[in-house]
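Close look at the chain arrangement
Letter by letter, the chains look like this.
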Amino acid sequence: MAADFLTRRRFLTTSAGLAGAAAMGLPARAQGGLTVGFIYVGPRDDYGYNQAHAQGAAAVKAMEGVTVIEEENVAETQDVQQTMESMINFDGASLLFPTSFGYFDPHILEVAPKYPDVRFKHCGGLWTPGMPENVGSYFGYIGMGQYLNGIVAGHMTSSKKIGFVAAKPIPQVLLNINSFLLGARAVDPEITCQVIFTGEWSMAVKEAEATNALADAGADVITCHVDGPKVVIETAAARGAYVCGYHADQSALAPELYLTGAEWNWATVYTDMVAKTLAGEPIPNFVRGGLAEGFIKMSPLGPAVTDAARAQFEAVQAEIMAGDYAVINGPLADNSGNVIAADGVSYLETDVELESMDYLVDGVIGSTS
Amino acid sequence: MNGDIGLWAVPLAMIGGAIRVSTPFLFVSLGEVITERSGRINLGLEGTLVFGAMAGYALAYLTGSAWAGVGAAALAGLLFGLVHGLLCSLPKVNDIAIGIALMLLGTGLAFFFGKPFIQPVAPDLPAINLGWWSDLPQVQAALRVNVLFLVGAALAVALAWMLRKTRIGLTLRVVGDSSDAARALGIRPARVRILATAFGGALAGIGGAYLSLFYPGSWNEGISSGQGLIAVALVIFARWSPINAFFAALLFGAAGALGPALQSVGVTQGYYLFYAAPFVLTLIVLVLSSSKSGALTGAPRELSITK
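What counts as what
- Residues numbered from 1 in each chain as written.
- Chains lettered and ligands numbered in written order.
- Predicted model: local features only at pLDDT ≥ 70, side-chain atom pairs only at ≥ 80, totals over all residues.
- Heavy atoms only, no water.
- Helix = DSSP H or I, 4+ residues; strand = E, 2+ residues; numbered from the N terminus.
- Axes fitted to C-alpha atoms, helices over the stretch in contact; angles between N-to-C directions.
- Left-handed = near helix turned anticlockwise from the far one by under 90°.
- Contact = heavy atoms within 4.5 Å.
- Nonpolar A, V, L, I, M, F, W, Y, C, P; charged D, E, K, R; others polar.
- Salt bridge = Lys/Arg side-chain N within 4 Å of Asp/Glu carboxyl O.
- Pairing = 2+ DSSP bridges.
- Core = buried A, V, L, I, M, F, W, Y, C linked by side-chain atoms within 4.5 Å.
- Buried < 20%, exposed > 50% of the residue type's maximum accessible area, 1.4 Å probe, protein only.
- Domains from an automatic or database assignment.

**Here we look at unusual backbone geometry**
In this structure, the amide linkage connecting A:Asp105 to the following residue, A:Pro106, adopts the cis form with an omega of 10°. A cis amide bond links B:Tyr215 with the next residue in sequence, B:Pro216, at an omega value of 5°. Among the structural elements, B:Pro216 can be located in the loop between helix H9 (189-213) and helix H10 (227-237). Phi is positive for A:Asp324, which is not a glycine, with a value near 55°. Of note, A:Asp324 is situated in the loop between helix H11 (307-322) and strand E13 (326-329).

**With respect to the packing of helix H6 (residues 143-156) of chain A against helix H7 (residues 171-185) of chain A**
Pairs of packed helices are described in terms of their axes, by the angle between the two and the distance that separates them. Residue and element names in this part refer to chain A. With their axes 6 Å apart at the nearest point, H6 and H7 run at an angle of 35° to one another. Between H6 and H7 the crossing geometry is right-handed. The residues of H7 that touch H6, namely those facing Gly143, Gln146, Tyr147, Asn149, Gly150, Ile151, Ala153 and Gly154, are Asn176, Ser179, Phe180, Leu182, Gly183 and Ala184. Residues of the contact of H6 with H7, tallied by class, amount to 6 nonpolar, 8 polar and no charged.

**Examining the pattern of salt bridges**
By the definition in use, this model includes 15 salt bridges over all chains. Residues joined in a network through salt bridges with shared partners are A:Arg44, A:Lys61, A:Glu70, A:Glu72, B:Lys115 and B:Glu221.

**Observations concerning the sheet that holds strand E6 (residues 161-166) of chain A**
Residues and elements named next belong to chain A. In spatial order, the strands read E12-E10-E9-E8-E6-E7-E17; together these 7 strands make up an open sheet with mixed pairing. Each having just a single partner strand, strand E12 (296-298) and strand E17 (364-365) make up the two edges of the open sheet. Set on the sheet, H7 makes contact with E6, strand E7 (192-197), strand E8 (221-225), strand E9 (242-247) and E17; between it and E6 the angle comes to about 170°. Across the sheet, helix H8 (residues 204-216) is in contact with E6, E7 and E8; its angle to E6 comes to roughly 165°.

**Describing the nonpolar core**
Counting 100 residues, the largest nonpolar core has A:Phe38, A:Phe97, A:Tyr138, A:Ile177, A:Trp264, A:Trp266 and A:Ile328 as its most contacted members. The biggest single contributor to this core is H7(A), with 8 residues. Summarising the domain contributions, this core has at least three residues from each of domain 1 (2-140) and domain 2 (143-263 + 296-365) of chain A. Grouped together as the second largest cluster of nonpolar side chains are 84 residues, B:Ile34, B:Leu45, B:Leu49 and B:Leu148 included.

Shown next as structure tokens:
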């Protein structure tokens, strides 16, 4: 937090502002080749969101003719605009991956028009026609991973109550919560899912408190959507609950109680986009993929998983791989009784409507505000 | 994992939260009580806390002993305190400014040296099960008390006794209330203040070790949510008394557990509001305990904020 003041790039941008026009003429461009910038909201090795992206960046580093620059702990504020501009002006980056959700609007949308030759690829944003052409968004259908988590959780819970530690009620998080419950309900429709929002992407003490509160409320399988799941996984395991991972493989943190996990596989996406840029080919502005496309993957099933759970997990995974799988199937209501999907209506994993989700389905105990 | 205890979960979670969350507040504010009683303010304790969390975790991981980690954190905190104390003893140096500088230095150094320790898993500090008498897992979990919490509680009593009844306490109070009187008694105020600040730093380091070695029990760059700063404010709130600091820390811990606990029993609307509970509570208590005549009763007179 406070140490943001000390980062090299912040210092550079500030001094650049002071030096004014004199510095503008002499940007230190990289020597030939393509420079790719990765921006993370937290540390690169957080067992979570940022680590998943950093593993993708590591795959890009191994490519011929590419220089990778990275900056960690960049806040979703004016800071990220300065980081992007300094990566462009000082390091000569022409392809940027600002990876945190809050970087998109307004920060990328403000900076991008100033640099039409630079490609801005954002993780999780919803690019729509009319936005700058050099901006694009990519994301994976990780809700499917949480659905598979839910199926295993549904088999393993004995209290019929599962728990979810969530950061903020944004569409992606809500989709994950809903998918987790619907996966469990595919096993047993009596199961409920308690959600606790911490309000922050990374707030260790609050995440631990939330996990304890879920365990106190009787949840015996717990998963999460926060930036670094380490605290949630360790706390839940200390309470004797089963855990499902998220973002990256956390099985090392709770070898006996870890069931499975929904992981990102960004190496596929990043190497593909960088290869296209090197070849001078266009990248679509709107890129999405799931299990079948290799955007996401599941952690290997843990030792506690029963045969019945394994069988259903594998069957559903095969169906998802085959494509056109729908998690949201009517008739379905949200948890305050409003109809979301009428009888016969289904939303496929690829449906863009799911990316503006603002409800929790029936069976989730929690509220979006 | 069984037994639905309904709304009882809320007070239980608050008791549990008070015990789990309060320890860092407790150690930092006890240390700062001693520092401020000597007439200095060390705002750098947030940095000391974060550095202590990192140093404690790193040493615990490298040596395999959580207590070695606590020792390392205390030592690191002691050094930070010494630096603050020594720098502030130079002429015309402002303790608040040095504190802010050390806060940034501490967090910066902790992030720098802490990089390789985010991934590994270090051993945890032991806890004592005071909930053995109950069959409810919730009660047992709430009453899993860490040794450091008990140490902190005992320390609060010991420090209160020390300030009131011993020669060391008298020396501290004289230095804190009047440098001139202290000099007349043959006491060197600068030396007392350096020691008091070093002591405060060591306690803040231990508070950090609690964060990384027990609850939440891992090192990462977001481990502190400002506990070090809040604890400094708690000292004013506690009117520079160690016993009050203990209760203030408990109150803050309990209020912090309110948000998650309410959501877990189904009170789900407006959780952002509940998360503000500790701060709203502080305002209310400060307003209720204020008085027209002596707003800063108990404040050491040599403190730069009261001079």
